[in-house]
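Observations on the model geometry
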Amino acid sequence: MSDSKASNQMWGGRFASGPSAVMEAINASIGFDRKLYRQDIRGSISHSEMLAATGIISRADQEKIAHGLNTILQEIESGAFTFSTRLEDIHMNVEARLAELIGPAAGRLHTARSRNDQVAVDFRLWVKDEFFRVAEALKGLIAVFLDRAEEHAATVMPGFTHLQTAQPVTFGHHCMAYVEMFSRDHSRVRDAIARMDESPLGAAALAGTGFPVDRHMTAKALGFREPTRNSLDSVSDRDFALEFLSVAAICATHLSRLAEEIVIWSTPQFGFVRLSDSFSTGSSIMPQKKNPDAAELVRAKTGRVNGHLVGLLTVLKGLPLTYSKDMQEDKEAVFDAAETLDLMLAAMTGMIGDLHVNIEAMKKAAGSGFATATDLADWLVRTLGIPFREAHHVTGRAVALAEQRKVALEKLPLADLQAIHPGITADIFSVLSVQNSVKSRTSYGGTAPNEVKKQVRAWKKRLARL
């Protein structure tokens with residue numbers, strides 16, 4: 001049948017003529033919601049099976065419907081299917097083609113169903129599938145960090161606060177910080193899946209249906225834990241989309257923080273790491289340049305993901321129950337954020353996996369900026385029993401003297417340190433090297449190499465269970 005005729009039939013004869021070109025353009029969502037075709041067909045097949053099982057339609061009609069829908073699936077995946085903007089969305093496009101394939105039996109598919117609960121279940125299925133993809137990508141990134149942490153458990157580097165040298169840590173310990181960070185993202189993904197694991201199919205337009213449907217049957221068939229419990233909320237809820245964007249924005253922010261460190265560390269001024277050629281580019285005019293473009297783009301794409309979250313929050317903030325056409329604007333944000341996050345995770349996993357670590361540059365930097373000053377203060381408290389505030393003052397005087405003489409703390413003569421505080425002994429030098437500093441941080445979760453190795457071993461076991 002022609003597109004215009006099909007469109008008018010779908011509208012049930014309410015309008016004598018088709019919508020204007022402008023209305024058609026603003027109303028159609030097929031340009032983006034065609035991504036839902038697998039979920040739409042899957043949902044429709046499950047719905048038809050339930051209709052037949054409950055006696056609402058005949059088994060013969062159900063078999064025709066299922067055969068027709070599987071034919072459409074093959075057509076779409078082979079590129080033979082023609083999408084029409086006149087048919088508005090993926091649901092109408094599939095239904096119109098089904099009518100062409102199997103005739104009047106196609107009209108029975110929409111019994112006890114509305115496009116409102118249909119799109120809600122399609123979209124939930126898509127987001128749930130994407131959540132599982134993100135979870136696997138996060139596990140891959142965590143695994144790469146665990147390998148680097150194990151490799152560099154004893155590689156000394158400066159730890160920073162305010163981007164100023166604070167105390168020595170190890171690169172392995174730094175890597176483990178990102179393991180914790182991305183594990184929280186993984187946890188949020190799993191939590192969100194558990195919350196959204198309910199099927200809205202059967203809520204119909206907003207009030208449920210008078211047909212004897214079996215919503216538990218369709219929920220189980222579609223892989224949901226259970227059906228939703230309120231028909232009004234079922235068709236108006238987009239919390240699952242907001243949660244996806246929220247999880248994506250938090251994860252992207254973590255990726256951006258990591259990207260920023262890679263950008264800083266790869267500068268000649270730091271020289272801590274070198275990106276492989278696979279994740280960097282050169283300059284069109286300066287032959288010496290090697291630019292961390294992949295990291296910079298990860299950093300920039302975070303703004304795109306964050307913007308989608310704010311956008312959808314704004315779309316939904318003033319909507320009364322239940323469905324409004326505004327909600328058509330939910331999908332593009334989620335689709336683009338998902339695609340962007342997938343790319344960011346893949347890029348960062350690749351970057352960390354083949355990152356070259358400049359061990360000597362890190363070690364040299366770890367000893368700059370009087371990074372072991374806190375170790376000196378701790379020694380004074382622990383060995384001489386003086387209050388920490390007094391130890392802090394004594395250490396400050398030692399740092400000032402070292403800075404004046406342009407030497408590291410451990411290079412100050414014992415006599416000069418004793419002139420600041422007579423209780424200081426030669427034992428002080430055992431804590432002033434960066435290696436001894438990191439070895440001393442043996443508290444649970446500390447930077448001592450042995451502690452880092454313990455955390456790596458524990459996390460590898462944990463990762464296998466995620």
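Here the structure is shown first, and the text comes after it.
Residues numbered from 1 in each chain as written. Predicted model: local features only at pLDDT ≥ 70, side-chain atom pairs only at ≥ 80, totals over all residues. Heavy atoms only, no water.

**Examining the packing of helix α7 (residues 115–151) against helix α11 (residues 239–265)**
Operational definition: Inter-axis angles, ranging from 0 to 180 degrees, are taken between N-to-C directions of lines fitted to C-alpha atoms, where helices are fitted over the stretch in contact. The numbering of helices and of strands both runs from the N terminus, where a helix is a DSSP run of H or I of at least 4 residues and a strand a run of E of at least 2. Angles below 35 degrees are treated as roughly parallel, those above 145 as roughly antiparallel, those between 65 and 115 as roughly perpendicular, and all remaining angles as oblique. The sense of a crossing depends on the near helix, which, turned anticlockwise from the far helix by less than a right angle, makes the crossing left-handed and, turned clockwise, makes it right-handed. It only takes one pair of heavy atoms within 4.5 Å for two residues to be counted as in contact. In this classification, the charged set is Asp, Glu, Lys and Arg, the nonpolar set is Ala, Val, Leu, Ile, Met, Phe, Trp, Tyr, Cys and Pro, and all remaining amino acids, among them Gly, are polar.
At a minimum axis separation of 10 Å, α7 and α11 run at an interaxial angle of 20°. In this view, α7 runs roughly parallel relative to α11, as classed from their interaxial angle. Between α7 and α11 the crossing geometry is left-handed. Contact residues: α7 offers A120, F123, R124, V127, E130, F131, V134, L138, L141 and F145, while α11 offers F240, A241, E243, F244, V247, C251, L255 and L258. Its residues assigned to classes, the contact of α7 with α11 comprises 15 nonpolar, no polar and 3 charged.

**A short note on the packing of α7 against helix α8 (residues 171–196)**
Remark: α7 packs on α8, axes separated minimally by 9 Å, with the N-to-C direction vectors making an angle of 165°. With respect to α8, the element α7 is oriented roughly antiparallel. Helix-helix and strand crossings are classified by hand; for α7 and α8 the assignment is left-handed. A breakdown of the residues in the contact of α7 with α8 according to their chemical character gives 20 nonpolar, 3 polar and 6 charged.

**Some points on unusual backbone geometry**
Apart from glycine, the bulk of residues carry a negative phi angle, and the bulk of peptide bonds sit in the trans form. Our working definition: The buried label applies to any residue whose accessible area, calculated with a 1.4 Å probe on protein chains only, is under 20% of its type's maximum; exposed applies above 50%, and partly exposed to all values in between.
The step from L321 to T322 runs through a cis peptide bond, and the omega angle for that step is 10°. With respect to the secondary-structure elements, T322 resides in the loop between α12 (293–316) and α13 (330–353). Backbone geometry places E88, a non-glycine residue, at a positive phi of 65°. Here E88 is to be found in the loop between α5 (59–78) and α6 (90–102). Note on E88: relative accessible area 6%, which makes it buried. Residue H162 is not a glycine yet carries a positive backbone phi of 60°. Turning to its location among the elements, H162 is positioned in the loop between β1 (156–161) and β2 (164–170).

**What about helix α16 (residues 388–405)?**
To keep it simple, the criterion reads: Multiplying 1.5 Å by the residue count of a helix minus one yields the expected span of that helix. To be clear, the arc concerns the directions from the helix axis to the C-beta atoms.
Between the first and last C-alpha of α16 there are 25 Å, a value that for 18 residues agrees with the 26 Å anticipated at 1.5 Å per step. Those residues of α16 lying buried are A391, V394, T395, A398, V399, L401 and A402. Viewed end-on, α16 has its buried residues packed into an arc of 160°, placing them on one side of the element. Projecting away from the buried face of α16 at angles above 90 degrees are the exposed residues R389, H393, E403 and Q404. Of the residues flanking the end of α16, it is K406, one or two places downstream, whose phi is positive at about 60°.

**Brief notes about helix α14 (residues 359–366)**
Regarding α14, the residues found buried are A361, M362, A365 and A366. All buried residues of α14 lie within an arc of 135° about the axis, which places them on one face of the element. Turned more than 90 degrees away from the buried face of α14 sit E360 and K364, all of them exposed. Residues of α14 that are buried make contact with β1, β2, α8, β5 (273–274), β6 (356–357) and α18 (434–440).

**Looking at the layout of surface pockets**
Cut-off, in case you're wondering: Buried and open spaces are told apart on a 1 Å grid over the protein atoms alone, a cavity being a set of points where a 1.4 Å probe fits but cannot get out and a pocket being an open set with protein on both sides within 12 Å along at least five of seven lines. Residues with an atom within 4 Å of a point are the lining residues. Grid points are joined across faces, edges and corners, and a volume is the space filled by probe spheres set on the points.
Put simply, the largest pocket is a space of about 350 Å³. Lining the largest pocket are 22 residues, and of these R124, D233, D237, R238 and D239 lie nearest its centre. Those elements giving two or more residues to the lining of the largest pocket turn out to be α8, α10 (231–236) and α11. Broken down by element, the residue count for the lining of the largest pocket peaks at 4 residues, all from α11.

**Examining the environment of K461**
Mapping K461 onto the fold places it in helix α19 (residues 449–465). Spatially, the C-alpha atoms of K461 and H356 are 26 Å apart, while their sequence positions differ by 105 residues.

Coordinates in, geometry out; function isn't part of it.
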